[in-house]
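Structural characterization, general
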Amino acid sequence: MCIRDRHRPVALKLMHAGAAASSQYQVRFEREIDALARLSHPNIVQVFEAGRHKAIPYLAMEYVPAGTLAQFLQGRPLPPQAAAELSVTLADAIHFAHLQGVIHRDLKPSNILLSHAEGESHASSIHPGRARTSVPELRLPKIADFGLARHTDEEAMTQSGDLLGTPSYMAPEMTRGGDSNAKDSEAVDVYGLGAILYELLTGRPPFRGESVPDTFEQVRNLDPVPIRQLQPKVPRDLETICLNCLHKEPHKRYRKAGDLSENLQRFLAGRTIL
């Protein structure tokens, strides 16, 4: 829902009365409020106010008008350079969130909102100050929906057996019950960034089965189809970077989102990746 205050349009997110009766939804809503209160970054959606109206929790956030990345892509891959540029922006924003102790845990194209960068042409709006993008119509990305976020300074809240996220973009460790520490680590966001980059390059997520259990089975046990098998013009180094994010074992991925950003920047600069 979009409303206007005196000076600007805002997006109003509120919990429906039926959902408010569920402690699970209340926890998710409160998590999102807590997470976004810690984060002030040009590529993370901004919260202006949080409160309750007639016992219903609400969030007043910046209005991001250009839809989601999923709506923009609609199954179409981006040129490799544009995909890498966008991924640098997202990795930098997630690295910032991690430095503030916030792990998103539900990164996917539908949670990336797109907006115009104020005072900039559309062609330069993927990453302010960065070189002109290959896809003129792509707008400034804003990471949203921190309802599954976890703060690293709180006790683990993931219960054994809980499944959090969207199957096609979930890290393998999140599809299993048991060890909550693995589900609450920065590695799950590195995987999510890799899954988004895979879709940017191929037009499809790394795994998509005919059912949720089938998708989980693929995520846990299969390797993604090599990117260059689907899109031969993708540079090998960019494929290597992406697939490094998608390792089944968390310790084999980039240690931090900042390390992913650094390697993507090396690729964009024509330097040897690490």
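This is a predicted model, so every value here is computed, not measured.

Let's talk about the overall build of the protein chain
In terms of helices and strands, the protein chain carries 10 helices and 8 strands. Considering only contacts within the protein chain whose residues lie at least 6 apart along the sequence, 70% involve residues at least 24 apart. When the accessible surface of the protein chain is totalled, it reaches about 13100 Å², and 49% of it is carbon and sulfur.

Considering the packing of aromatic side chains
Think of a pair of aromatic rings as described by two things: how far the centres are apart, and how the planes are tilted against each other in angle. Inspection of every chain in the model, using the stated rule, returns 0 aromatic pairs. Directly above the ring of Phe72 sits Arg76, whose terminal nitrogen or CZ lies 5.9 Å from the centroid.

Some thoughts on the confidence of the model for the protein chain
When pLDDT is averaged along the protein chain, the result is 82; 78% of the residues meet or exceed 70. Ignoring residues within four places in sequence, the model shows residues 119-134, a span with pLDDT below 50, making 40 contacts including any to other chains. Residue range residues 156-161 is modelled with pLDDT below 50. Its contacts to residues more than four positions away, or to other chains, number 17 contacts.

Digging into the side chain of Glu62
Position of Glu62 relative to the elements: it lies in strand β4 (residues 56-62). Only 2.8 Å separates the side chain of Glu62 from the backbone nitrogen of Gln46, close enough to count as a polar contact. Here Lys142 takes part through its side chain, which lies 3.3 Å from a polar atom of the side chain of Glu62. Contact partners of Glu62, with chain neighbours within four places excluded, come to Ala11, Ile44, Val45, Gln46, Phe48 and Lys142.

Details of unusual backbone geometry
Of note in the backbone geometry, Gln74 takes a positive phi value of approximately 50° without being a glycine. Position of Gln74 relative to the elements: it lies in the loop between α3 (69-73) and α4 (80-99). For Arg105, which is not glycine, the phi torsion reads 75° and is therefore positive. The residue Arg105 is located in the loop between β5 (102-103) and β6 (112-115) in this model.

Section: the packing of helix α9 (residues 236-245) against helix α10 (residues 257-268)
Where α9 contacts α10, the two axes come as close as 10 Å, and the packing angle between them is 170°. Comparing their axes, α10 and α9 come out roughly antiparallel. On α10, the residues touching Asp237, Leu238, Ile241 and Cys245 of α9 are Leu260, Asn263, Leu264 and Phe267. Residue classes in the contact of α9 with α10 are distributed as 6 nonpolar, 1 polar and 1 charged.

A closer look at the packing of helix α6 (residues 187-202) against α9
At a minimum axis distance of 7 Å, the contact between α6 and α9 shows a crossing angle of 140°. The pairing of α6 with α9 is recorded here as oblique in orientation. Taken as a pair, α6 and α9 cross one another with a handedness that is left-handed. Every residue of α9 that contacts α6 at Val190, Tyr191, Gly194, Leu197, Tyr198 and Leu201 is listed here: Leu238, Cys242, Leu243 and Cys245. Here the residues of the contact of α6 with α9 sort into 9 nonpolar, 1 polar and no charged.

Here's the deal with the pattern of salt bridges
With the rule as written, the count across this model stands at 4 salt bridges. With a closest N to O distance of 3.3 Å, Lys142 and Glu62 form a salt bridge. Taken together, the positions of Lys142 in strand β7 (residues 140-143) and Glu62 in strand β4 put the pair 80 residues apart, joining distant regions of the chain. With respect to class, Lys142 is no different from Glu62; both count as buried. Note that Lys108 is salt-bridged to Asp106, the shortest N-O span being 3.9 Å.

A look at the pairing of β4
Most of β4 sits inside the fold, with 6 of its 7 residues counted as buried. Across 5 bridges, strand β2 (residues 9-14) lies against β4 in antiparallel orientation. From the neighbouring strand, Leu12 faces β4, where its bridge partner is Ala60. By the bridge criterion, 6 bridges tie strand β3 (residues 47-53) to β4 in an arrangement that is antiparallel. Note on β4: the bridge partner recorded for Ala50 is Leu59.

Quick look at the pairing of β7
Taking every second residue as pointing to the same face, both faces of β7 are buried, with Leu140 and Lys142 on one and Pro141 and Ile143 on the other. As judged from the 4 bridges shared by β6 and β7, these two strands associate in the antiparallel manner. Each bridged residue has a counterpart across the sheet, and for Ser115 the counterpart in β7 is Leu140.

So, α4
Relative to the 28 Å expected for 20 residues at 1.5 Å per residue, α4 spans 28 Å between its end C-alpha atoms, a close match to the ideal helical length. Of all the 20 residues making up α4, 14 are buried; the element is thus mostly covered by neighbouring parts of the structure.

Parameters at a glance
Residues numbered from 1 in each chain as written. Predicted model: local features only at pLDDT ≥ 70, side-chain atom pairs only at ≥ 80, totals over all residues. Heavy atoms only, no water. Helix = DSSP H or I, 4+ residues; strand = E, 2+ residues; numbered from the N terminus. Contact = heavy atoms within 4.5 Å. Areas by Shrake-Rupley, 256 points an atom, 1.4 Å probe, with all protein chains shown as cover. Phe/Tyr/Trp six-rings, centres within 6.5 Å; stacked < 30°, edge-to-face > 60°. Lys NZ or Arg CZ within 6 Å of the ring centre and 35° of its normal. pLDDT = per-residue confidence, 0-100. Polar contact = N/O pair within 3.5 Å; in protein donor to acceptor, adjacent residues only side chain to side chain. Axes fitted to C-alpha atoms, helices over the stretch in contact; angles between N-to-C directions. Parallel < 35°, antiparallel > 145°, perpendicular 65-115°, else oblique. Nonpolar A, V, L, I, M, F, W, Y, C, P; charged D, E, K, R; others polar. Left-handed = near helix turned anticlockwise from the far one by under 90°. Salt bridge = Lys/Arg side-chain N within 4 Å of Asp/Glu carboxyl O. Buried < 20%, exposed > 50% of the residue type's maximum accessible area, 1.4 Å probe, protein only. Pairing = 2+ DSSP bridges. Expected span 1.5 Å × (residues − 1).

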